[in-house]
Amino acid sequence: MSGVLRTQVGEAARRPSRLLLTGMAVLVASFVVYATVLAQQMTRASMLDGLSDTPEAAALVVLGQENGVPAARLAKLAAVPGVTAVAGRMDAGGELAGRGLNLTADPGSGPLAKVSVAQGRYPTGAGEVAVTPKTADRMGLRVGTSFEMATTYDDDGKPGPLRKLTVVGVVSVPDDYGQQAYTSQAQLGVLTGQDTVSQVDLAVAPGQEAQARAAVEAIVGAGVQVRSGADVRLEEAQSRADGVDDVFAVVAMFVAIALVAAGLVAASTFRIVFAQRTRQLALLRAVGAGRGSLVRALIAEGALTGLVTGLVGVLAALGLGHLVPVIAHAAGTKIASPGFPVLPALGVLALAVVGTVLAVLTPAVSASRVSPLEALRTASTSPASKSIGWVRAILGAVLAAGAGLLAAYVVMNLPKPDQENYDSQSMLLLVVASGTLAFLALIALGPVLVRPLLAAAGWPLRRLGPLGRLAVGGVGAAPRRAAAVSVVVALGVTLIAGSLVGASSVQALLERETAASAPADFEVVAAGTPLDPALADRVRAKSELKNVVPYRKVADVMVGGSQTKLEANDLAMDAVPGIAKLDVTKGTWHGLEAGQVVISGFAGTVSGLKVGDRTTVTAGKRSVEVTVAGALPDSAPLGSGLVLAPADLTKLGAPAGWSGLLADAAQSGDAGRNAADAALRQVAAGPGVGVTVLADQRDEIESTLTVLLLIAIGLIGLTVLIAVVGVGTTTALSVVERVRESGLLRALGLSRGGLRAMLTTESGLYGVLGALLGLLLGVPYAWLAVSALGQNAPLALPGFRLVAVFAVLVVLTALAGVLPARRAAKISPVAALATE
């Protein structure tokens, strides 16, 4: 080992606290990466414990493949020596009052049963079924209830004759979806006419599996697969757990972004550390150290930093990974232990070392260029450079131009309404490429961009007095350092702002679509025949319901000379509060009168009609003259193409009875919705009459979007965490570098509290600069991505959320500087002025 290398490694070993501080971003990144690996191991292991549909008692499983297993062979299988129980599996579906009801075969008792009786008894006779608790509540199928339902369908999907079924029990199941009924395999075969089963589970006496399997294979013959129950359960569990790997593949992308942020922070940190040791490096040059040996020594120091901080991060993640199952067990939840995945740990350590070496390369090369004459300087640090050099400036300009050209290409090729053969995936890839180039340009041109932003953001602070002016001057004195830290903050803010804007735009699109497809909490429809004209009055009389609006529909309507057949309705849109979110491309849908029509986006495309056009609507031999009052961007309410006034729809042959009815629950919450559902089903009962809970669709969409947004922000938070760590590290190192400056300020009368406030404000300014840069990048690119989707989504700007993100980032970065500021304030002015 050369003398220079020994000197630098020894310097790092003598100051482990500075080594950890220098590699803090790498430590956090290593912790995040290994914690993600452990989380995947724990999640997968936990899910494998309970994801199989095959009962634990099934020692053998016969899989019918495409043709199934003849039900007649079940008796022969039951007679096989060693077989203690047999269960044939089959499913069927039907529709009851507009809702789907799944019929499943299950023995109901014994070792192969998947259900257990909670109330009443299990079906044994013809036409008897048992339902789940949610099915009983939602569909009104209490014990003793009889109903009729088609259980067979022809090849065209038309239902067969109605079968009378009676609920004799309520059963508990692992997953209750609110649409499940159970009966024996024999009874379900009679109801559906099926003479085959899809799967046969067999319980076998211990020690007789091999003999029983040979006998079973001889009975079922070729084309049917016989497997062990353990293999089937493992395969079922793994197939479901594969979704975990898909989820963590998405997580890995965000972790990769966090690693990029860690690399940027580490590079900035090494640049600051090497600048603080300018005099030491110059002395090494003066005593004969060459640039190459100095670069190698600094790289070795970086590798050591990566190894140590990576190891600390891995051990911290491992400790947390084994602590979580203990805490979960104490709380009554079972979570599998992650074990000790050695290879991933070694991979994380290698990644930490390689990443740190890559981060230290450029700072090491720059530091090696120090002149030996710098050793004669009285200060141990070198003044911060304020220029970026012409090579970096040209590179930044080229990157910015490339980003602009790609963005311009996407803008010029955005899809027109209802455009066919539009390739949204390619356009989104171009948006991502443009954003990547823009971010790289930001890295290159950061010091130049920081100055005008700091001038604007620092203007209010300068007006607050000397502390504000000192804080702004402290950040402005090192623009390259400010840019390096702010760019990492900007990366996190860009991703968060993009997610918020994109989610708000998609939410606005979904609200617009649900306003058309699910404008109320409930919809009552009749199959084939109109509803009772007096039904609307009976529903209005129920206190549990409000906003009751009936409507009629006419099919096979044509408009504007187009031969495309559409559907028209006469829904009073002003009377349905949920339609208030339905916007128009032009005109209005409010106050629709006789002689006017509102057209959907599709109807406008096929007919070429625009707002104000006079046209003819025809239905068979009937027609009516109307004027286009409004044009919608997507579908009209209830999935129709046209909305007409009642008088005009009557002219087109609409019947006197209602096609359907919309209503809202009078009270909010699940209790109010359930009460309204029960009341509506009570008055709307009748042959072919179905009640659909549209509110469930809206809730599911909103819940899914909220969960996805929270997950995305949580993952992006990894980048923000590393950015905040970078701000804290930069402030801490800056305090060390500016000890004499702090001492001079204290000697001139600045209090300890004033010094703390100044340094904390500097940290907050890094957040302000990064947040401004992130918003300037994130919002336009989010809008561009939403437009490139080709879904005609509106461009929404969630102002309050963006302001909240801005404020939180500024507060977090300011808090990151609190501890370094407190440390600086504790140094006495005399000791600080004596420091080189």
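Everything below is about the structure printed above this text.
One structure accompanies this document, and this report is about it. (Residues numbered from 1 in each chain as written. Predicted model: local features only at pLDDT ≥ 70, side-chain atom pairs only at ≥ 80, totals over all residues. Heavy atoms only, no water.)

Some details on the overall build of the protein chain
Along the backbone of the protein chain there are 25 helices and 24 strands. Taking the contacts inside the protein chain whose residues are at least 6 apart along the sequence as the reference set, 82% of them involve residues at least 24 apart. Counting only carbon and sulfur atoms, one obtains 61% of the accessible surface of the protein chain, whose full area is about 38300 Å². (Helix = DSSP H or I, 4+ residues; strand = E, 2+ residues; numbered from the N terminus. Contact = heavy atoms within 4.5 Å. Areas by Shrake-Rupley, 256 points an atom, 1.4 Å probe, with all protein chains shown as cover.)

Let's talk about the environment of A359
Among the secondary structure elements, A359 is positioned in helix α11 (residues 342-368). With a relative accessible area of 7%, A359 lands in the buried category. Between the C-alpha atoms of A359 and G302, which are 57 residues apart in sequence, the distance is 8.3 Å. (Buried < 20%, exposed > 50% of the residue type's maximum accessible area, 1.4 Å probe, protein only.)

Description of helix α14 (residues 466-476)
Inspection of α14 places G468, A471, V472, G474 and V475 among the buried residues, and these make up the whole buried set. Each buried residue of α14 sits inside an arc of 160° when the element is viewed along its axis, so together they form one side. Where α14 is buried, its residues touch α13 (424-462), α15 (479-517) and α22 (752-788). (Arc of directions from axis to C-beta.)

Comments concerning the packing of α22 against helix α23 (residues 799-816)
The geometry of α22 relative to α23 is characterised by a closest axis approach of 7 Å and an angle of 150° between their N-to-C directions. The angle between the axes of α22 and α23 places the two elements in the roughly antiparallel class. By crossing handedness, the relation of α22 to α23 is classed as right-handed. Of α23, the residues touching α22 (which contributes T760, S763, G764, G767, V768, A771, L772, L775 and V779) are L802, F806, L809, V810, T813 and A814. A class-by-class count of the residues in the contact of α22 with α23 yields 10 nonpolar, five polar and no charged. (Axes fitted to C-alpha atoms, helices over the stretch in contact; angles between N-to-C directions. Parallel < 35°, antiparallel > 145°, perpendicular 65-115°, else oblique. Left-handed = near helix turned anticlockwise from the far one by under 90°. Nonpolar A, V, L, I, M, F, W, Y, C, P; charged D, E, K, R; others polar.)

Details of the pairing of strand β7 (residues 128-131)
Burial along β7 is two-sided: E128 and A130 facing one way and V129 and V131 facing the other are all buried. Relative to strand β9 (residues 162-172), β7 runs parallel, the two being bridged by four bridges. Of the residues in β9, the one forming a bridge with V131 is V170. Pairing geometry for β7 and strand β10 (residues 180-183), over two bridges, is antiparallel. When the bridges of β10 are listed, V131 appears paired with A181. (Pairing = 2+ DSSP bridges.)

Here we look at the pattern of salt bridges
Throughout the structure, instances matching the rule amount to 11 salt bridges. Here D201 ties to R89 by a salt bridge, and the two come within 2.9 Å at their closest N and O atoms. Here D201 is found in strand β12 (residues 199-204), whereas its partner R89 is found in strand β3 (residues 83-89), with 112 residues between them in sequence. According to the relative accessible area criterion, D201 is buried, its value standing at 0%. For R213, the salt bridge identified is with E217, shortest N-O distance 3.5 Å. One end of the pair, R213, and the other, E217, are both in helix α7 (residues 209-220), four residues apart, so they sit about a helical turn from each other. (Salt bridge = Lys/Arg side-chain N within 4 Å of Asp/Glu carboxyl O.)

Topic: the nonpolar core
Residues L442, L454, V475, I722 and Y781 are the most contacted members of the largest nonpolar core, which totals 55 residues. Ranked by residue count, the leading element in this core is α15, at 13 residues. Contacts of L442, omitting those with residues within four sequence positions, involve L449, V487, A490, L773 and L777. Judged by nonpolar contacts, the second largest core, of 35 residues, contains L77, V129, L141 and L188. (Core = buried A, V, L, I, M, F, W, Y, C linked by side-chain atoms within 4.5 Å.)

Looking at the environment of G660
Take G660: it is sitting in strand β23 (residues 660-665). Look at G660 and you get buried, because its relative accessible area is 0%. Sequence separation between G660 and Y551 is 109 residues; the distance between their C-alpha atoms is 5.6 Å. In this structure G660 touches V524, L531, P550 and Y551, once residues within four positions along its chain are discounted.

Details of the sheet that holds strand β13 (residues 225-228)
Where strands meet in a sheet, backbone hydrogen bonds hold them as pairs that are either parallel or antiparallel. Within the open sheet, the four strands sit side by side as β3-β12-β1-β13. Their pairing is antiparallel. Two strands in the sheet have a free side with no partner beyond their single neighbour: β3 and β13. Pairwise comparison of adjacent strand axes, ignoring direction, gives a mean angle of 20° for this sheet. With four bridges connecting them, strand β1 (residues 60-63) and β13 associate as antiparallel partners. Following the sheet pairing, L60 is matched in β13 by S228.

Considerations on the sheet that holds strand β14 (residues 522-526)
Taken together, four strands build an open sheet; the order of strands is β15-β23-β14-β24 and the sheet is antiparallel. Either end of the sheet is taken by a strand with one partner, and the two such strands are β15 (545-551) and β24 (689-693). Going across the sheet, the axis of each strand differs from the next one's by a mean of 20°, ignoring polarity. Examined bridge by bridge, β14 and β23 share four bridges and lie antiparallel to one another. Bridge pairing links V525 to G660 in β23. Strand contacts of helix α19 (residues 669-683): β14, β15, β23 and β24, with the helix running at about 170° to β24, the strand carrying the most contacts.

Side note on a positive patch on the surface
There is a patch of like positive charges on the surface, built from R752, R756, R822 and K826. Going through the elements one at a time, α22 and α24 (818-826) are the ones with two or more residues in the positive patch. Inspection of the secondary structure puts R756 in helix α22. Residue class for R756 comes out partly exposed when judged on its relative accessible area of 32%. (Patch = residues over 30% accessible without salt bridge, like charges linked within 9 Å, V, L, I, M, F, W, Y side chains within 5 Å. Lys, Arg positive; Asp, Glu negative; His and termini not counted. Charge placed at Lys NZ, Arg CZ, Asp CG, Glu CD.)

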